[in-house]
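If you want the building blocks of each chain, they are given just below.
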Amino acid sequence: MSLIRHFINGREVADAERTGPVFNPATGAQQHEVAFASVGEVEQAIAAASAALPGWRATGLIKRADVFFKLRHLLVERQGELAAILTSEHGKVLSDAAGEISRGIENVEFAAGLVHLLKGEHSEQVARGVDVHSTKQPVGVVGAITPFNFPVMVPLWMVASAIACGNTVVLKPSEKDPSAAVFLAKLFQEAGLPDGVLNVVHGDKVAVDTILDAPEVRAISFVGSTPIAKSIYERAAANGKRVQALGGAKNHMVVMPDADLEGAADAAVSAAYGSAGERCMAVSVLVAVGDVADELVDAVRRRMGALVIGDGTDAASEMGPLITREHRDKVASYVTGAAAEGATVVVDGTTQAFDGDGFFVGVSLVDHVKPGMKVYDDEIFGPVLSVVRVESYDEAVALINANRFANGTAIFTRDGGTARQFEFDIEVGMVGVNVPIPVPVGAYSFGGWKSSLFGDSHIYGPESVHFYTRSKVVTTRWPNPSESQVNLGFPSNH
Ligand code: NAD
């Protein structure tokens, strides 16, 4: 069984005193071991990133940008290979893996514009003979900790912008599907990134805590579940670091009585069951307004029977397995427990039989769900769609605004006024109007509100340039000796 190793200072290394299993979720068989970094190995990675920082920071912007242009080319060229890695370790179907990679490439394209992004500002003559300019300088070594569900896109959300801004990085990907991160680091190297600028360490809390506690690491980007995001935020902030920690989600899709019901049903099924519901922007609650519910539930149910669930390498499969056996069983428990909570299980995917030992579960639809039920309150992160019936638009908004998660939401309506009001009223970071998964394009930033994000910066896009740089403001006078004098007053520009 092959060992997936760390990538430190441009080389694959591992003492492999501790390891973890990496499965193929479609077969249920273990396919690799992944090394779990010791404190010493993480310290080596941080030392490599610290040593590479002065050189990378001093590298000309055009030369830096060149790495991203080359990287984009390599990612496009090797997309098929990378997608195969994603499917074999994560389980998502190959077309979905290709979609993830193309969204990651958007972040590389954004980073390639770094010469423009890193421009400062200049004000001439703020006082007689005095000019002011501001400049954006890197924060230093960045720690990046990523979840299992997007093993390419989420690392690129962080790593592309951080490196473009002149920082160096220690990336700790998910131990469940770690190969893609090493593949990415090697592509960066091939694209001309100097050794030590991007390092990858695998592992668990030992690796993460070492990154969080290291004084050399100046900023932390985290994406994962809410309890871990909160603890990362608190520990990193207590250590004086800049931190953004994106957490879990419970995304609601509102369907108004005037919506195109067939279109809304297509969107709900796609967004709820795509990638087996293991997307932080997956729709997990359908909010049926007024008398729309019966027809909507029926339209969703009709579509569910046609979905093809199977090994992601099979081109016919539309949905693959879940990430682990334990996660699959946990997801199933929400469906099997829903009836006892007072909900109606319309389609029970947990009873669907699959050949082999893969971590598959069928798709489920649960109606008459209410806050207070576990199926509503928890982030399930699987192919389970709940339906909450409400009387009015106001009730829909109140329901969503009372939820502790606030990553994404969507409204389906034909009425522009209702859509505009929803955009105004809703307390959620990313909003779709007739778009079920409103993931912003790479030139905007991504982030939720409330328990879906701890910290004040969204990730990738313009906010990432802000997050990964420190602003310095320089006030300049070139003195005329004849104007020089002693003046103990506070410097005034008037
Ligand atoms: P997770 O929180 O279990 O793990 C995320 C990362 O934290 C991994 O690298 C993991 O090794 C590490 N980690 C886990 N436990 C830790 C601990 N006790 N101390 C330190 N580090 C620890 O999340 P996951 O299961 O890999 O990913 C799924 C979650 O991520 C879902 O909740 C999903 O909503 C969320 N997610 C959010 C976004 C977003 O943008 N808001 C995007 C993708 C995924």
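Residues numbered from 1 in each chain as written. Predicted model: local features only at pLDDT ≥ 70, side-chain atom pairs only at ≥ 80, totals over all residues. Heavy atoms only, no water.

S.K.: Tell me about helix H11 (residues 293-304), and please be specific about residues and values.
M.R.: Here H11 contains 12 residues, and its C-alpha end-to-end distance of 16 Å stays within 8% of the 16 Å for a straight helix at 1.5 Å per residue. Contacts from the buried residues of H11 go to strand E13 (251-255), helix H10 (261-273), strand E14 (283-289), strand E15 (344-347), strand E16 (364-367) and strand E17 (384-390). (Helix = DSSP H or I, 4+ residues; strand = E, 2+ residues; numbered from the N terminus. Expected span 1.5 Å × (residues − 1). Contact = heavy atoms within 4.5 Å.)

S.K.: Describe the site of the ligand, naming the residues involved and giving the relevant values.
M.R.: The immediate surroundings of the ligand are formed by 27 residues, with Thr146, Lys172, Glu175, Ser225 and Glu379 found nearest. In this structure, an oxygen atom belonging to the ligand sits 2.7 Å away from a side-chain N or O atom of lysine 172. Bound to the protein, the ligand loses 88% of the 840 Å² it would expose on its own. Those elements that provide at least two residues to the shell around the ligand are helix H8 (205-213) and strand E11 (217-223). (Near = heavy atom within 4 Å. Polar contact = N/O pair within 3.5 Å; in protein donor to acceptor, adjacent residues only side chain to side chain. Areas by Shrake-Rupley, 256 points an atom, 1.4 Å probe, with all protein chains shown as cover.)

S.K.: Quick rundown of the environment of proline 438? Include the residues and the values.
M.R.: Positionally, proline 438 belongs in the loop between strand E20 (430-433) and strand E21 (449-450). On the basis of relative accessible area, proline 438 is assigned to the buried category, the value being 11%. When the C-alpha positions of proline 438 and isoleucine 62 are compared, they lie 33 Å apart, and in sequence the two are 376 residues distant. The residues contacting proline 438, other than those within four sequence positions of it, are Met281, Thr409, Met430, Val431 and Gly432. (Buried < 20%, exposed > 50% of the residue type's maximum accessible area, 1.4 Å probe, protein only.)

S.K.: If you had to explain the packing of aromatic side chains to someone new, which residues and values would you point to?
M.R.: Taken as a whole, this structure holds nine aromatic pairs when the rule is applied. Ring geometry for phenylalanine 23 versus phenylalanine 359: centroids 5.9 Å apart, planes at 70°, classification edge-to-face. Of this pair, phenylalanine 23 sits in strand E4 (residues 18-24) while phenylalanine 359 sits in the loop between E15 and E16; the two residues are 336 residues apart in sequence, bridging distant segments of the chain. For phenylalanine 359, a relative accessible area of 1% puts it in the buried group. Cluster of aromatic residues (ring-pair linked, three or more members): Trp157, Phe446 and Tyr460. Seen from the ring of tryptophan 56, arginine 64 lies directly overhead, with NZ or CZ sitting 5.9 Å from the centre. (Phe/Tyr/Trp six-rings, centres within 6.5 Å; stacked < 30°, edge-to-face > 60°. Lys NZ or Arg CZ within 6 Å of the ring centre and 35° of its normal.)

S.K.: Break down the sheet that holds E15 for me, with residues and values.
M.R.: Taken together, the seven strands give an open sheet; going across it, the order is E15-E16-E17-E14-E13-E19-E20, and neighbouring strands pair in mixed fashion. This sheet does not close on itself; its edge strands, each paired only once, are E15 and E20. Averaged over all pairs of adjacent strands, the angle between their axes in this sheet comes to 20°, without regard to strand direction. (Pairing = 2+ DSSP bridges. Axes fitted to C-alpha atoms, helices over the stretch in contact; angles between N-to-C directions.)

S.K.: How would you summarise the sheet that holds E4 if you had to cite specific residues and measurements?
M.R.: Taking strand neighbours across the sheet as the criterion, the three strands line up as E1-E5-E4 in an open arrangement whose pairing is mixed. The open sheet is flanked by strand E1 (2-4) and E4, the only strands paired with a single partner. Strand-to-strand twist in this sheet, taken as the mean axis angle between neighbours without regard to direction, amounts to 40°. In terms of strand pairing, E4 meets strand E5 (residues 29-36) through seven bridges, oriented antiparallel. Across the sheet, arginine 18 pairs through a bridge with phenylalanine 36, a residue of E5.

S.K.: Can you explain the environment of serine 179? Please cite residues and give values.
M.R.: For serine 179, the position within the fold is in helix H7 (residues 179-190). For serine 179, a relative accessible area of 15% gives the class buried. In this structure the C-alpha to C-alpha distance between serine 179 and glycine 120, which are 59 residues apart in sequence, comes to 38 Å. Among residues more than four places away in sequence, those in contact with serine 179 are Ile4, His32, Ile85 and Glu89.

S.K.: How would you sum up the domain arrangement of the protein chain? Please name residues and give values.
M.R.: Domain parsing of the protein chain yields domain 1 (2-247 + 452-474) and domain 2 (251-433). With centres defined by C-alpha atoms, the gap from domain 1 to domain 2 works out at 31 Å. Domain 1 puts 20 residues into the contact, and the matching count from domain 2 is 25 residues. Both faces combined, the contact of domain 1 with domain 2 buries some 1900 Å², and carbon together with sulfur accounts for 62% of it. Run the count over domain 1 and domain 2 and you get one salt bridge. (Domains from an automatic or database assignment. Buried area = accessible area lost by both parts, 1.4 Å probe. Salt bridge = Lys/Arg side-chain N within 4 Å of Asp/Glu carboxyl O.)

S.K.: A description of helix H1 (residues 39-58) should follow, citing residues and the corresponding values.
M.R.: Compared with an ideal rise of 1.5 Å per residue, which puts 20 residues at 28 Å, H1 spans 29 Å between its outermost C-alpha atoms and is within 8% of the ideal. The largest bend along H1 measures about 40° and falls at alanine 52, with the proline proline 54 one to four residues further on. All of the buried residues in H1 are Glu41, Val42, Ala45, Ile46, Ala48, Ala49, Ala52, Leu53 and Trp56. (Bend = angle between axes of the 7 residues up to and from the residue.)

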